[in-house]
Amino acid sequence: MIYNHNIIQRQYDEIIAPSFDMDARGIYASTYQKGIIQLQNTNLLQSKTPLQVLDIGIGTGSFLEQVALLCEGEINLFGIDISEKMLDIAKRKIPSLRTIVDNATNLEHHYVERSFDLICSHFVTGFVPMRELAPKIWNLLDEGAYWSLIGQTMTSYPNLRKIEDSLASKLIRWFSGNSKLDYDIVCCPEERSEVIEIFQENGFEVRQIETFEPKIDFANLDDFLDFGYYSGWLTPFIEKLGIQNASKMLSLMINVLLFPVHDNQSIEIALARKITK
Ligand SMILES: C[S@@+](CC[C@H](N)C(=O)[O-])C[C@H]1O[C@@H](n2cnc3c(N)ncnc32)[C@H](O)[C@@H]1O
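Residue positions are given per chain, counting from 1 as you read along its sequence in written order. In keeping with the predicted nature of the model, local features appear solely for residues at pLDDT of at least 70, side-chain atom pairs appear and are counted solely at 80 or more, and the whole-chain, interface and lining totals rest on all residues. Note that water and hydrogens are dropped before the side-chain values are worked out from all heavy atoms of the structure.

Please explain the overall build of the protein chain as it appears in this structure.
Numbering of helices and strands starts at the N terminus; helices are DSSP runs of H or I of at least 4 residues and strands are runs of E of at least 2. When you go through the protein chain residue by residue, the secondary structure sums to 11 helices and nine strands. Taken along the three principal axes of its C-alpha coordinates, the protein chain extends 60 × 35 × 30 Å. Any residue under 20% of the maximum accessible area for its type is buried, any over 50% is exposed, and the rest in between are partly exposed; the area is computed with a 1.4 Å probe on protein chains only. In the protein chain, which comprises 277 residues, the share counted as buried stands at 54%. In the form shown here, the protein chain has an accessible surface area of approximately 12,800 Å², with 51% of it arising from carbon and sulfur atoms. Positive charges come from Lys and Arg, negative ones from Asp and Glu, while His and the chain ends are left out of the count. Taken as the charge centre is NZ of Lys, CZ of Arg, CG of Asp or CD of Glu, depending on the residue. Separation of charge centres in the protein chain, based on 25 positive and 37 negative side chains, amounts to 1 Å. Only the protein chains shown count as cover for residues, and all accessible areas are computed by the Shrake-Rupley method using a 1.4 Å probe.

Written out as structure tokens, the structure is:
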């Protein structure tokens, strides 16, 4: 695996943070809504004691903002993220948020005196393996507390993958001098069954799980870059291909030979509960 955290940090700080909340296709918002419904199916948000909630890879804080609004009692919110710029936006939304700028792979060095009722990890298991996060999250949760996970699996974008193997793509790679994509630059679970397996192997009981497969159509390269590059969905791949800086000639070739593309994502939305190992 060759995910490079410095590259991801730069991409979120410099490219993605300013446009992340635009959520042009509304997919982030739809998944947060589904994650919130899973929480509402428990009695967590009616807690009589102050809720302790941590979001790992919190980004711009939209999910915790909603959790705070729906929580009936007191709530203490914590967030860790590798991107300071994403956290700056989160703090503007939630002034009481306590933040740490760090790599989630260092999670065990933080919050040593704390434990949580809810830990969220949403769209971060592409950058930090779910298998690596699971035991660290388990250690930070109280018995019976919850892990809300939202993340894509490798079954996302089946048609973009087919295109990557097509003759037209080979021609474009030859013309632009780019090599074939290496999918190891992200570390998402392969599919839903792996998500469930990781929960179970690490002392969690899956209480609710839903696979969300929104359709996405790309009319042309600009449309694809708006979604894939500036909103963060495929930034590491696109930067590797260099097509965000494509010349007029290359853009024309890509538009004629590859677009439009009709595809779908595959996103797991799960709520798991800590049990004794
Ligand atoms: C797709 S965004 C999701 C943000 C938020 N969880 C949400 O669902 O709106 C991914 C976030 O994970 C953060 N991130 C990526 N790699 C990270 C790492 N190794 N440690 C901590 N945060 C990371 C990024 O900076 C970004 O804010």
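There is more to say, and it comes next.
Would you mind showing me how to read the packing of aromatic side chains here?
We describe a pair of aromatic rings using the distance from one ring centre to the other and the angle between the two ring planes. Any two of the Phe, Tyr and Trp rings considered here, Trp counted by its six-membered ring, make a pair once their centres fall within 6.5 Å; the pair's planes then place it as stacked at under 30 degrees, edge-to-face at over 60, or tilted in between. Following the criterion strictly, the structure yields 18 aromatic pairs and no others. Ring geometry for phenylalanine 218 versus phenylalanine 227: centroids 5.5 Å apart, planes at 55 degrees, classification tilted. Its relative accessible area of 1% is what places phenylalanine 218 among the buried residues. Ring geometry for tyrosine 229 and tyrosine 230: centres 4.9 Å apart, planes at 80 degrees, overall edge-to-face. Residue classification places tyrosine 230 among the partly exposed residues on the basis of a relative accessible area of 34%.

Please explain unusual backbone geometry as it appears in this structure.
Apart from glycine, the bulk of residues carry a negative phi angle, and the bulk of peptide bonds sit in the trans form. In this model, phenylalanine 259 is joined to proline 260 through a cis peptide bond whose omega is 5 degrees. With respect to the helices and strands, the residue proline 260 is situated in the loop between helix 11 (248-258) and strand 8 (261-264). In the Ramachandran plot, aspartate 23 falls in the positive-phi region, its phi being about 40 degrees despite a non-glycine side chain. By relative accessible area, aspartate 23 is classed as buried at 15%. Here the phi dihedral of phenylalanine 123 falls at roughly 55 degrees; this positive angle occurs in a residue that is not glycine. Here phenylalanine 123 shows up in the loop between strand 4 (116-122) and helix 5 (130-140). Judged by its relative accessible area of 16%, phenylalanine 123 falls in the buried class.

For this particular structure, what's the right way to read the side chain of glutamine 244?
In this fold, glutamine 244 is placed in the loop between helix 10 (235-241) and helix 11. The exposure class assigned to glutamine 244 is buried, which follows from its relative accessible area of 17%. Not counting the four nearest positions on each side in its chain, glutamine 244 is found in contact with Leu225, Tyr229, Ile238 and Glu239. The contact criterion used is simple: two residues touch if any of their non-hydrogen atoms lie within 4.5 Å.

Looking at this structure, how should I read the pairing of strand 1 (residues 51-56)?
A regular strand places its side chains so that they alternate between the two faces of the sheet. Burial within strand 1 is extensive, with six of its six residues counted as buried. By the alternation rule, side chains of strand 1 split into Leu51, Val53 and Asp55 and Gln52, Leu54 and Ile56, which are all buried. A pair of strands is labelled paired if DSSP reports no fewer than 2 bridges between them. Sheet topology places strand 1 next to strand 2 (residues 75-81); six bridges connect them, and they run parallel. Looking at strand 2, one finds that aspartate 55 is bridged to glycine 79. By the criterion used throughout, a crossover qualifies as right-handed when its path from the first strand across the helix to the second strand runs clockwise, the strands pointing away from the viewer. Handedness of the crossover joining strand 1 and strand 2 through helix 3 (residues 62-70): right-handed. Sheet topology places strand 1 next to strand 4; four bridges connect them, and they run parallel. Within strand 4, the residue paired with aspartate 55 across the bridge is cysteine 120.

What am I meant to see in the site of the ligand here?
What surrounds the ligand is a group of 21 residues, the closest being Tyr32, Gly57, Asp81, Asn103 and Ala104. Contacts described as polar in this section are N or O atom pairs within 3.5 Å, which, within protein, must combine one atom able to donate a hydrogen with one able to accept it, while residues neighboring in sequence count only if both atoms come from side chains. Note that an oxygen atom of the ligand is positioned 2.6 Å from one of the side-chain N or O atoms of aspartate 81. In the environment of the ligand, a nitrogen atom lies 2.8 Å from a nitrogen or oxygen atom belonging to the side chain of asparagine 103. Within the complex, 99% of the 590 Å² of free accessible area of the ligand lies under protein. A per-element tally of the shell around the ligand places helix 1 (residues 5-16) first, with three residues. Residue polarity is assigned by list, with Asp, Glu, Lys and Arg as charged and Ala, Val, Leu, Ile, Met, Phe, Trp, Tyr, Cys and Pro as nonpolar; anything else, Gly included, falls into the polar class. Along the lines of polarity and charge, the residues of the shell around the ligand split into 13 nonpolar, six polar and two charged. A cutoff of 4 Å decides nearness: a residue is near a molecule or strand if any of its heavy atoms lies inside that distance of it.

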